[in-house]
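Residue strings, one per chain:
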Amino acid sequence: MGQNTSLETYNGKYRNLMELLKDKMYLDCFGECGGLGRCATCIVNTTGLKGSSVIKDRNEPVTLERFGYKDEPQIRLSCQLLVSSDLDKTIVKILV
Ligand code: FES
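Keep in mind that what you see is a predicted model, and the values were worked out from it rather than measured.

What counts and how
- Residues numbered from 1 in each chain as written.
- Predicted model: local features only at pLDDT ≥ 70, side-chain atom pairs only at ≥ 80, totals over all residues.
- Heavy atoms only, no water.
- Helix = DSSP H or I, 4+ residues; strand = E, 2+ residues; numbered from the N terminus.
- Buried < 20%, exposed > 50% of the residue type's maximum accessible area, 1.4 Å probe, protein only.
- Contact = heavy atoms within 4.5 Å.
- Pairing = 2+ DSSP bridges.
- Axes fitted to C-alpha atoms, helices over the stretch in contact; angles between N-to-C directions.
- Salt bridge = Lys/Arg side-chain N within 4 Å of Asp/Glu carboxyl O.
- Arc of directions from axis to C-beta.
- Polar contact = N/O pair within 3.5 Å; in protein donor to acceptor, adjacent residues only side chain to side chain.

**Remarks on the side chain of Asn 59**
Then step 1. Tracing the chain through its elements places Asn 59 in helix α2 (residues 59-66).
Then step 2. Residue classification places Asn 59 among the buried positions, given a relative accessible area of 18%.
Then step 3. With near-sequence residues (within four places) excluded, Asn 59 lies in contact with Leu 36, Gly 37 and Arg 38.

What follows is the structure, given as structure tokens:
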């Protein structure tokens, strides 16, 4: 942890940012619910996120609030972010 890494992928390889991070960063205990938006083991802080690459799962705000994050739009569940050009140059800090 505490390292900076630039990740690249191609369109369609990963369903969401959680899958990309888990695959490329070899993170243990990351994304444990498989992207259902309930476990909060994939929380990230995003800086510079463009657009709204959101899957729009209603579980996300409930889960984030349950883990103490309310009204912090930069805090996201990475499983709820689509991998798209909206993520280009976004700085993602893994919080879990
Ligand atoms: S993988 Fe469980 S909330 Fe994202």
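**Focus on the sheet that holds strand β1 (residues 43-47)**
Then step 1. The strand order across the open sheet built from 3 strands is β2-β1-β3, with neighbouring strands paired in antiparallel fashion. In this open sheet, the two strands that pair with only one neighbour each are β2 (75-77) and β3 (91-94). For this sheet, the mean angle separating the axes of adjacent strands, direction not counted, is 35°.
Then step 2. Sitting on the sheet, α2 is in contact with β1 and β2, with an inclination near 120° to β2.

**Section: the pattern of salt bridges**
Then step 1. The full count for this structure, using the stated rule, is 3 salt bridges.
Then step 2. When the shortest N-O distance is used, the salt bridge between Glu 19 and Arg 15 registers 2.6 Å.
Then step 3. Glu 65 is the salt-bridge partner of Lys 70, the closest N and O atoms lying 3.9 Å from each other.

**Let's talk about helix α1 (residues 17-25)**
Then step 1. By the burial criterion, the buried members of α1 are Leu 17, Met 18, Leu 20 and Leu 21. Along the long axis of α1, the arc covered by the buried residues comes to 165°, so they all point the same way.
Then step 2. Contacts from the buried residues of α1 go to β1 and β3.
Then step 3. You can read the cap of α1 off the contacts: a side-chain oxygen lies 3.1 Å from the backbone nitrogen of Met 18, and it is on Asn 16.
Then step 4. After α1 finishes, the residue Tyr 26 shows a positive phi value of roughly 55°.

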